[in-house]
Every structure is written in structure tokens, then in C-alpha cells.
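So the chains spell out like this:
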Amino acid sequence: MKKFAIAAATATALTLTMANAAFAQQTTQAPMMLAAGEVTKAKEATSDTWITTKVKADLMTEKGVPGSDIKVETNKGVVSLSSDMKVTESQKEMAVSIAKKIKGVQAVSADGLKAE
């Protein structure tokens, strides 16, 4: 009887140890993978936000460009410029040039800027 109790206790301990190790391995990997993906998304969002802010600020301070009338959106480094107001061709070219100079900008689309 005593041998049976020792064997049962040992089997239980081994089972719990193996299950615990498997559970610990599973739970430590999943959050790390999730966290890495979330960090990448956060970096992209921060970068896009920074680019949008920088482009908008530079447009606002440039003489001859109606910066307050130009809407700036950024998605994965691609800047889109648009406006409800008409701009001249030279203002459109200047806005595109300003946006392209910003670090992190991959491309600039000015399809939304209506030239006179």
C-alpha cells in the first residue's frame, strides 16, 4: 500500500511538472509574439503621426503655400495631400517638394490638390 501511494505521488508530481512546463512555455511565447506585433504597429502609427505633423508644420510656415487649406494624411510613410480650395500649380509643386523632404516619407500623392 505504501509503495502504491509513493508511486501515485511520484506519477502525479511528474505529470504536474510536465504540464506546468508545457503551460509555461506556451504562455511566455504567445504574449511575446503579440507584444512584438503591437510594438511594430505602434512604431508605424507614431512614425506616420510624426510625418503628418512635420509636413503640416512645414506647409504652414512656407510663404506662398496655403498650408492651412491643405489636408495631410500619412499611411505607412505615404503622404496624401488634398484641399477643398484650389491651389496654383506652383503651390502644388511646392507642397509636394516640402513633403518629400521630410525624413521617413516614402512617397507623396497630391491627387487631392486641385490646381487652378
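Here we summarise the structure given alongside this text. Please read these numbers as outputs of a predicted model, since none were measured by experiment.

Cut-off values and rules
Residues numbered from 1 in each chain as written. Predicted model: local features only at pLDDT ≥ 70, side-chain atom pairs only at ≥ 80, totals over all residues. Heavy atoms only, no water. Helix = DSSP H or I, 4+ residues; strand = E, 2+ residues; numbered from the N terminus. Buried < 20%, exposed > 50% of the residue type's maximum accessible area, 1.4 Å probe, protein only. Areas by Shrake-Rupley, 256 points an atom, 1.4 Å probe, with all protein chains shown as cover. Core = buried A, V, L, I, M, F, W, Y, C linked by side-chain atoms within 4.5 Å. Pairing = 2+ DSSP bridges. Salt bridge = Lys/Arg side-chain N within 4 Å of Asp/Glu carboxyl O. Right-handed = clockwise from strand over helix to strand, strands pointing away. Polar contact = N/O pair within 3.5 Å; in protein donor to acceptor, adjacent residues only side chain to side chain. Axes fitted to C-alpha atoms, helices over the stretch in contact; angles between N-to-C directions. Contact = heavy atoms within 4.5 Å.

### So, the overall build of the protein
Per the secondary structure count, the protein includes two helices and three strands. Each helix and strand of the protein, placed in order from N terminus to C terminus, yields the pattern α-β-β-α-β. Among the 116 residues that make up the protein, the fraction classed as buried is 22%. Of the roughly 8,400 Å² that the protein leaves accessible, carbon and sulfur atoms contribute 62%.

### Let's talk about the nonpolar core
When a protein is soluble and globular, its nonpolar side chains tend to lie buried together. Ranked by size, the top nonpolar core spans 18 residues in total, and within it V55, L59, I70, V79 and L81 carry the most contacts. Secondary-structure elements contributing two or more residues to this core are helix 1 (2-61), strand 2 (78-87), helix 2 (89-100) and strand 3 (107-115). No other element matches helix 2, which puts four residues into this core.

### Side note on the pairing of strand 1 (residues 71-75)
Residues V72 and T74 line the buried face of strand 1, whereas the alternating positions K71, E73 and N75 sit on a face that is not buried. Across five bridges, the pairing between strand 1 and strand 2 is antiparallel. When the bridges of strand 2 are listed, E73 appears paired with S80. Hairpin connection, strand 1 to strand 2: the antiparallel pair is bridged by two residues, and K76 has positive phi, about 55°.

### What to know about the pattern of salt bridges
Opposite charge on two side chains allows them to pair when their charged atoms are near. With the rule as written, the count across this model stands at two salt bridges. The partner of E73 in a salt bridge is K71, with the nearest N and O atoms 3.1 Å apart.

### Focus on the pairing of strand 3
By the bridge criterion, six bridges tie strand 2 to strand 3 in an arrangement that is parallel. Note that in strand 3 the partner of K86 across the bridge is K114. A crossover connection joins strand 2 to the parallel strand 3 through helix 2; in handedness this β-α-β unit is right-handed.

### Digging into the side chain of T52
Residue position: T52 is located in helix 1. A distance of 2.6 Å separates the side chain of T52 from the side chain of T74, its partner in a polar contact.

### A short note on unusual backbone geometry
Positive phi, normally seen in glycine, also occurs at K76, with a value near 55°. Position of K76 relative to the elements: it lies in the loop between strand 1 and strand 2.

### Quick look at the sheet that holds strand 3
The mixed open sheet is built from three strands, whose spatial order is 1-2-3. Here the strands that pair on one side only, and so sit at the sheet edges, are strand 1 and strand 3. Within this sheet the neighbouring strands show an average axis-to-axis angle of 15°, counted without direction. Against the sheet, helix 2 makes contact with strand 2 and strand 3, and its axis sits at roughly 160° relative to strand 3, the strand it touches most.

### Focus on the environment of S97
Note that S97 resides in helix 2. Considering only alpha carbons, one finds S97 and V108, eleven residues apart in sequence, at a separation of 8.9 Å.

Keep in mind these values describe shape, not function.
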